[in-house]
Amino acid sequence: MRVLGIETSCDETGIAIYDSDQGLMSHTLYSQVATHSEYGGVVPELASRDHVQKTLPLIEKAMYQAKMTSKDIEGVAYTAGPGLVGALLVGASIGQSLGFAWNVPTIGVHHMEGHLLAPMLEALPPEFPFVALLISGGHTQLVRVTRMGCYEIIGESVDDAAGEAFDKTAKLLGLGYPGGAVLAQLADEGDPDRFYFPRPMTDRPGLDFSFSGLKTYAVNTVAKYGLDAKTRADIARAFQDAVIETLVIKCQRAMRATGWKTLVVAGGVGANIALRRCLSETLAKEDIKVYFPRHEFCTDNGAMIAYVGCQRLLRGERANLAIEVYPRWALSELKSI
Ligand code: KG4
Ligand code: ZN
């Protein structure tokens, strides 16, 4: 089955065509980062308007790249939540309209299920069951994944998501928005021994996270030491080391608790190279294999939506004709595939 995927949940328009026999046929992406950066965060109304302008041209481009026409498409998948309501409605309206016009079935996909299954697009995909660490701008969750569609949250952030903490600290350091990737680059130049930030909630049992205190720690360090170029890099390093070690400790605990040997890491923060290295090396010592999506499929993209949509459509799931989106939607509410 050949499925067109549409992702418009936040500030990226992502389009892809996935074929269940041949794999990923094409994918296109437009990032609105430049539009939102001058406001220091995503402006929902601007995001929606931009998706309206970009979605159809990107679909045409993806079709052209895959050398296909609308007649080759057998299903349409769009992100139905969680995310910004206006942005989601753009993708859902376009997806439903195309499905109706082309007379093919449609399906609304859960954005985080897309992230979670993104490693399935790689040549060597993970096998079930596995533990997934979802680390994006809006979510930090450890998920017990018994099979496709069967998700149990075993740990999550009680306050800021990991990506949100990266972005807030980056903003404090004057690195712009969203600054996660820029902060990560700067951290490479920082002195790992100058500052030490706490590893939140690792001193007690459990799999939950708390990242908002690290931002406060960064604020206090800036107040005390200023923000010259070296201090900025050293703070970036201390912050990143704290987030990484915390994530590694919680992943180790989750793997021991389940006894499973496969960890999947997905979501924007999963693009962090130091984190990828540290998780893989530490868990390899416990005979655990860690899977990541390729770099470009860690952050938001259409490929993960086309993939999940295809799996659900193949099993007979269908959206009805209503255009429905779910800005808040728990992973655990999903039906097993
Ligand atoms: O999954 P994603 O693209 O969007 C959401 O669904 O939230 O994740 C975006 C988040 C942002 O907070 C961004 O700063 C962070 O991922 N991010 C990174 C890196 N690349 C993106 N954080 C740390 N290191 C990176 N290299
Ligand atoms: Zn995302």
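Note: the structure precedes this text.
Values in this document were obtained by computation on a predicted structure and should not be read as measured data. (Residues numbered from 1 in each chain as written. Chains lettered and ligands numbered in written order. Predicted model: local features only at pLDDT ≥ 70, side-chain atom pairs only at ≥ 80, totals over all residues. Heavy atoms only, no water.)

Residue Pro-82 is bonded to the preceding Gly-81 through a cis peptide linkage, with omega at -15°. The residue Pro-82 is located in the loop between strand E4 (75-81) and helix H3 (85-102) in this model. Pro-178 follows Tyr-177 through a cis peptide bond whose omega is -10°. Along the chain, Pro-178 falls in the loop between helix H5 (162-172) and helix H6 (180-189). Its identity is not glycine, yet Met-201 carries a phi of approximately 60°, on the positive side. Following the sequence through the fold, Met-201 ends up in the loop between H6 and helix H7 (212-225). The class of Met-201 is buried, set by a relative accessible area of 16%. (Helix = DSSP H or I, 4+ residues; strand = E, 2+ residues; numbered from the N terminus. Buried < 20%, exposed > 50% of the residue type's maximum accessible area, 1.4 Å probe, protein only.)

A separate point is the state of the cysteines. Summed over the entire model, instances satisfying the criterion amount to zero disulfides. Counting only cysteine sulfurs, Cys-278 is the nearest neighbor of Cys-251, a cysteine outside any disulfide, at a range of 10 Å. Overall, Cys-251 belongs to the buried group, its relative accessible area being 0%. Under the relative-accessibility criterion, Cys-278 is labelled partly exposed at 29%. (Disulfide = S-S within 2.5 Å.)

On to the packing of H5 against helix H8 (residues 229-258). Axis separation between H5 and H8 bottoms out at 11 Å; the angle between their running directions is 175°. Of the possible angle classes, the one that applies to H5 and H8 is roughly antiparallel. Across the interface between the two elements, Ala-165, Phe-166 and Thr-169 of H5 pack against Phe-239, Gln-240 and Val-243 of H8. (Axes fitted to C-alpha atoms, helices over the stretch in contact; angles between N-to-C directions. Parallel < 35°, antiparallel > 145°, perpendicular 65-115°, else oblique. Contact = heavy atoms within 4.5 Å.)

Let us now look at the nonpolar core. Leu-4, Leu-116 and Leu-117 are the most contacted members of the largest nonpolar core, which has 57 residues in total. Looking at this core element by element, the count peaks at eight residues for helix H10 (residues 303-314). Setting aside chain neighbours within four positions, we find Leu-116 in contact with Phe-130, Ala-132, Leu-134, Val-143, Val-145, Tyr-151, Val-264, Ala-266 and Leu-331. Core analysis: the second largest hydrophobic core is formed by 44 residues, Leu-186, Leu-207, Ala-254 and Val-269 among them. (Core = buried A, V, L, I, M, F, W, Y, C linked by side-chain atoms within 4.5 Å.)

In this structure the tally under the stated criterion is seven aromatic pairs. Taking the centre distance of 5.1 Å and the plane angle of 20° together, the rings of Phe-128 and Phe-130 count as stacked. Using a relative accessible area of 0% as the deciding quantity, one classes Phe-130 as buried. With 5.1 Å between their ring centres and 85° between their planes, Phe-166 and Phe-239 make a pair best called edge-to-face. You can see Phe-166 sitting in helix H5 and its partner Phe-239 sitting in helix H8, a full 73 residues away along the chain. Judged on exposure class, the residue Phe-166 and its partner Phe-239 are both buried. (Phe/Tyr/Trp six-rings, centres within 6.5 Å; stacked < 30°, edge-to-face > 60°.)

Read these as geometric descriptors, not functional statements.
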